[in-house]
Amino acid sequence: MSTQTIPPNGRASYNFPDGKGKFGIYGGKYVPETLISALDQLEKLYAQMKFDKEFQNELNALQKEYNGRPTPLTFAKRLTEYFGKAKIYLKREDLCHTGAHKLNNALGQILLAKKLGKTRIIAETGAGQHGVATATVCAKFGLKCVVYMGEVDIERQKLNVFRMRMLGAEVVPVKSGSKTLKDATNEAIRDWVTNVSDTHYIIGSVVGPHPYPMLVRDFQSVIGEEAKEQISGYEKKLPDYIVACVGGGSNAMGIFYPFINDEKVKLIGVEAGGYGLNSGKHCATLTLGEPGIFQGMKTYLLQDQYGQISEVHSISAGLDYPGVGPEHSLLKDIHRVEYFSVTDDEALDATLLLSKLEGILPALETAHAIAHLNILLPQTNKNEIVIVNISGRGDKDLNTIINKIGDKIL
Amino acid sequence: MTKISSHIEKINQSDRKALSIFLTAGFPTKENFVELALSVLENGADMLEIGIPFSDPLADGPTIQRSSQAALENGVNMKDVFSFCEQIKSKTDKPLILMGYANPIIKYGTKNFCEDAVGNGGAGLIVPDVPIDEYESFYTNDFKDFEKILLTTPASSDERIKEIDQKSEGFVYCVSVTGTTGARSNFDKNVLENLGRTYSLVTKNKMLIGFGISSPENIKTFAPFCDGVIVGSAVIKKINEDYKALPEFVRSLSYACNDK
């Protein structure tokens, strides 16, 4: 087991990123010169706001009164009985306003954007959840919002496109490359390079140049902090396992981060295996990728023999990304988090499983974490506790689900 | 003085701004690329900037993005780029500069990349996604034989421009506007003010202006603020629209670089 390979004092002082925005060798600021001053400005402001009482109070009030936090930690009784092993709890980010964890970050960043005096917000989106979250905060704070979204994703997440437009955002279809999240991110970066003086870029995951991976992680850490308090209340102890899906990796970093120094809590990230690891059509970046430089960061990437970024595939638009947050790359290398993958089909089955046993329709992204329980639970015992991060709800995926397994359901 | 800067100096001494032309390696075809590059040089380009195609060129606008994509579809890889360099270099003394994003370079292996690139006649290197903040992480000793050309932008502070000038070799690449590569129809007063500011801060190196320059008129506008200009997207556009007119277009750009 890889848990045996943890260096004895590898994380006694886990404190990343360092002063240069690095997570070990990963992270950094690999962007065109034009963006450096905006990144520096953001970094400086955030360093102040992180410890600014007024800012934190304002954010906490929004999280409570607008986002609906704290989200519950639900004991999954029938799912637990189904496996007959460890007790399973679900951290209910699907109950956040707008239906996913994405708003936690968008709220934090919109407050920063206002302090920076920016009047225009841009974002990239895959599944549309981050786009909806960004459009939502822009509506609430009265800022102009432009969301870049790949054409393929616009098709498979139509409902969210409609939602963003209702919220007053402009959704720009991206036609380059694989027409998915990676290309939407390229286009958002190009917009930012062009309009940097009045525009703030709300990145939706723990990816991109420093300070974004840190900033998004910090804003998402509310998930893990709440879960820690909740499980300690219910069970008088910490969980044995935490499971989360990983695309860029923001819901996972959010729930993992407050537990990183709790060595006995095993952290498990689940990537999208697409059509299978041998198919060449998957997003198992940490499982099969290798380090490279892409979209502002050094991190594990899926790439070909020439260093061109691969065209990847997942049924879930939110996981359909050839990179991963740089902190995950470090956590993999130091063996603090173990990463697995599940296929499209396994995720679809898990969607039905959670719906039928718990009355919770998870997002296809989240369903990857659920699907991994089939591997994990048989290895556990009844005294153990597993928390699964239910990063979002699945209403947005009904089109895809009907197309794929509509027959099974009818 | 470096190879590239002394070349620019010689051109400037003959009352002329240096003209650097950007071409995407292996575009529009692999077979005719060397011939195309040589024709650009014969028609008045003083240097060539050869773009290494990348799947995700985030500093580039639509024109160069598409040429990069087309080159990849033509099957162009790093070995081809070096082979082009070698063939071009055998026919000219003018400097060749490679422009490429970080990932294909580290994937090839930085040591091998530098040996092969310099060995085949590459004199300078521009990596648009490596700012000075990552200079030490990226430009290891492997890159010692390359003249590493760094970029300034209108968003760079005075302090940064001075630091970029100190670290840059060959010349300083002054990006005229915030934004991606691609032709612009006009440049406002702020653009010229910023060029003036940058030109006065760049003291160690020669300075070439790039991004958005598409016509002899643009070159005349920028001439007071630089030692040379770089034209990329406009050339690629000309290749797309009217391939046969390219030599004449390059001659018109080159003519505009003469001081009188």
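Scroll up to find the structure this text is about.
Below is a short write-up of the structure.

So, how was this worked out
- Residues numbered from 1 in each chain as written.
- Chains lettered and ligands numbered in written order.
- Predicted model: local features only at pLDDT ≥ 70, side-chain atom pairs only at ≥ 80, totals over all residues.
- Heavy atoms only, no water.
- Pairing = 2+ DSSP bridges.
- Helix = DSSP H or I, 4+ residues; strand = E, 2+ residues; numbered from the N terminus.
- Axes fitted to C-alpha atoms, helices over the stretch in contact; angles between N-to-C directions.
- Contact = heavy atoms within 4.5 Å.
- Salt bridge = Lys/Arg side-chain N within 4 Å of Asp/Glu carboxyl O.
- Buried < 20%, exposed > 50% of the residue type's maximum accessible area, 1.4 Å probe, protein only.

Further remarks concern the sheet that holds strand S9 (residues 241-245) of chain A. All names here are of chain A. The 6 strands are arranged S3-S4-S14-S9-S10-S13 in an open sheet whose pairing can be described as mixed. In this open sheet, the two edge strands, each paired with only one partner strand, are strand S3 (73-75) and strand S13 (337-342). Averaged over all neighbouring strand pairs, the angle between strand axes comes to 25 degrees, with direction disregarded. Relative to strand S4 (residues 87-92), S3 runs antiparallel, the two being bridged by 3 bridges. Each residue of the ladder has a partner; that of Thr74, found in S4, is Leu90. Where helix H10 (residues 222-235) meets the sheet, it contacts S3, S4 and strand S14 (385-390), and its direction lies at approximately 140 degrees from that of S4.

This part takes up the pattern of salt bridges. All names here are of chain B. Scanning the entire structure with this criterion turns up 38 salt bridges over all chains. Residue Lys206 pairs with Glu9 through a salt bridge whose shortest N-O separation is 2.6 Å. On the criterion of sequence distance, the pair formed by Lys206 in the loop between helix H9 (189-201) and strand S8 (207-210) and Glu9 in helix H1 (residues 3-13) is long-range, its members being 197 residues apart. On the accessibility criterion, Lys206 (13% relative accessible area) is buried.

Time to look at the side chain of A:Asn160. Residue and element names in this part refer to chain A. Within the secondary structure, Asn160 is located in helix H7 (residues 158-166). Under the relative-accessibility criterion, Asn160 is labelled buried at 0%. Excluding residues within four positions of it along the chain, Asn160 makes contact with Ala127, Gly128, Gln129, Val132 and Lys396.

Residue and element names in this part refer to chain A. With respect to burial, S4 is a largely interior element, 5 of its 6 residues being buried. In the sheet, S4 pairs with S14 via 6 bridges, with the strands oriented parallel. In the sheet register, Tyr89 faces S14, and the bridge partner there is Ile387.

No statement about biological role is implied by the geometric values presented.
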